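As a plain string of letters, each chain reads:
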Amino acid sequence: MASRALKYYYDLLSQPSRALYILLEQSKIPYERCPVALRKLENRTTEFKETINRFGKVPCIVHGDFKLAENVAILRYLSREVPDLPDFWYPRENLARARVDEYLEWQHTTIRAQCAQYFLYVWMTPLLGMELDPAKVERLRKNMADGLDLFQRVWLEDGKKAFVAGESLSYADVLAACEIEQPKCAGYDPREGRPQLAAWMERVRQGTNPYYDEAHKILYKFTPKEIATPTVK
């Protein structure tokens, strides 16, 4: 790893970008920070697509001559490339790793999609000068709320499990928490009425601080004060 410089391209307004940022920082993996401003469409330039990531998205990495997109793929790559990566992130033991993988594969069309769709419509539409459709807002809100209820009931077993994949923090928890933080920016507090989820989010935050707060500092600036989590200054 040391023989090749790892470059990390990210925007901390991106949920999976924050998750990988927390992992890199807490694990003390040497890397070069390469921020990409999504709001300025820096990820959509021809240069970015041709030289960094052909999909025009973040997060992504360049490691020597090797380029890789998609945060779960990057996690798995790092688990092989970094011999001393703390085992709790992505356990080497087969059954423990399978539980983390189970969540990582499940979340794409559920928690990630549901929270992102609500955030993008409710937060972005007014910024683009368009009016919100109340019926669509309610439909997206209900879909997200159902997903959050399912997350609490199934993945946390209504509080019987401390973390997503068992009794230890893993990358599954950090990725999930970063996704679930996002709707706060649109004025929706996912913790309200879900005490087990709220307690789990605080465990994840405390288990990865100060990097969790650092990663979410920008997001919390756009979040209503009554539901924002205190962050480092």
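Residues numbered from 1 in each chain as written. Predicted model: local features only at pLDDT ≥ 70, side-chain atom pairs only at ≥ 80, totals over all residues. Heavy atoms only, no water.

Under an unreviewed UniProt entry, the name given to the protein chain is glutathione transferase, and the source organism is Culex pipiens pipiens. UniProt's Sequence similarities (unreviewed entry) comment on the protein chain is quoted here verbatim: "Belongs to the GST superfamily. Theta family." Its UniProt record gives the protein chain the following Catalytic activity (unreviewed entry) comment, quoted word for word: "RX + glutathione = an S-substituted glutathione + a halide anion + H(+)". (UniProt positions renumbered as here; feature names shortened; annotations may be inferred.)

A. Quick look at the UniProt feature "domain: GST N-terminal" (unreviewed entry) in the protein chain. If you check UniProt for "domain: GST N-terminal" (unreviewed entry), the listed places come out as residues 4–86 in our numbering. Across residues 4–86 one finds 35% helix and 20% strand; the C-alpha atoms that close the span lie 20 Å apart. (Helix = DSSP H or I, 4+ residues; strand = E, 2+ residues; numbered from the N terminus.)

B. Geometry of the state of the cysteines. Here the structure, examined in full by the defined rule, presents zero disulfides. As a non-bridged cysteine, Cys34 has Cys60 as the owner of its nearest cysteine sulfur, 8.8 Å distant. Given the relative accessible area of 11%, Cys34 is considered buried. With no disulfide of its own, Cys178 lies closest to Cys115 among cysteine sulfurs, the gap being 12 Å. (Disulfide = S-S within 2.5 Å. Buried < 20%, exposed > 50% of the residue type's maximum accessible area, 1.4 Å probe, protein only.)

C. Seen up close, unusual backbone geometry. For the bond from Val58 to Pro59, the omega torsion is 5°, close enough to zero to count as cis. When you line up the elements, Pro59 lands in the loop between helix H2 (46–51) and strand E3 (60–63). Its identity is not glycine, yet Lys28 carries a phi of approximately 60°, on the positive side. With a phi angle near 50°, Asp158 is a residue other than glycine that sits in the positive phi range. Relative to the elements of secondary structure, Asp158 occurs in the loop between helix H6 (134–155) and helix H7 (171–181).

D. Spotlight on the packing of aromatic side chains. Counted according to the given criterion, the structure contains 14 aromatic pairs. Their ring planes at 35° and their centres at 4.8 Å tell us that Phe88 and Trp89 sit as a pair that is tilted. By relative accessible area, which is 30% here, Phe88 ends up partly exposed. The class for Trp89 is buried, based on a relative accessible area of 0%. When the ring of Phe151 is compared with that of Trp200, the centres are 4.9 Å apart and the planes differ by 55°; the resulting orientation is tilted. With Phe151 in helix H6 and Trp200 in helix H8 (residues 195–208), this pair connects stretches of sequence that are 49 residues apart. In this pair, the class of Phe151 matches that of Trp200, namely buried. Connected via pairs of aromatic rings, a cluster forms that spans Tyr103, Trp106, Phe151, Trp155 and Trp200. The ring of Phe163 has Arg203 lying over it, and the distance from NZ or CZ to the ring centre is 5.8 Å. (Phe/Tyr/Trp six-rings, centres within 6.5 Å; stacked < 30°, edge-to-face > 60°. Lys NZ or Arg CZ within 6 Å of the ring centre and 35° of its normal.)

E. Broad picture of the pairing of strand E1 (residues 6–10). Judged by how many residues are buried, E1 sits mostly within the fold: four of five residues are covered. With four bridges joining them, E1 and E3 adopt antiparallel strand pairing. Looking across to E3, one finds that Lys7 is bridged to Val62. Two elements, E1 and strand E2 (residues 32–35), share four bridges in a ladder whose sense is parallel. When the sheet's bridge partners are listed, Lys7 is paired in E2 with Glu32. (Pairing = 2+ DSSP bridges.)

F. Geometry of the nonpolar core. Ile22, Tyr103, Leu104, Phe151, Tyr171 and Trp200 are the most contacted members of the largest nonpolar core, which has 65 residues in total. Take this core: its biggest share by element is eight residues, from H7. Not counting the four nearest positions on each side in its chain, Tyr103 is found in contact with Ile111, Phe151, Trp155, Val164, Ala172 and Ala176. If you look at the next biggest cluster of nonpolar residues, it comprises nine residues, including Tyr9, Cys60, Val62 and Ala69. (Core = buried A, V, L, I, M, F, W, Y, C linked by side-chain atoms within 4.5 Å. Contact = heavy atoms within 4.5 Å.)

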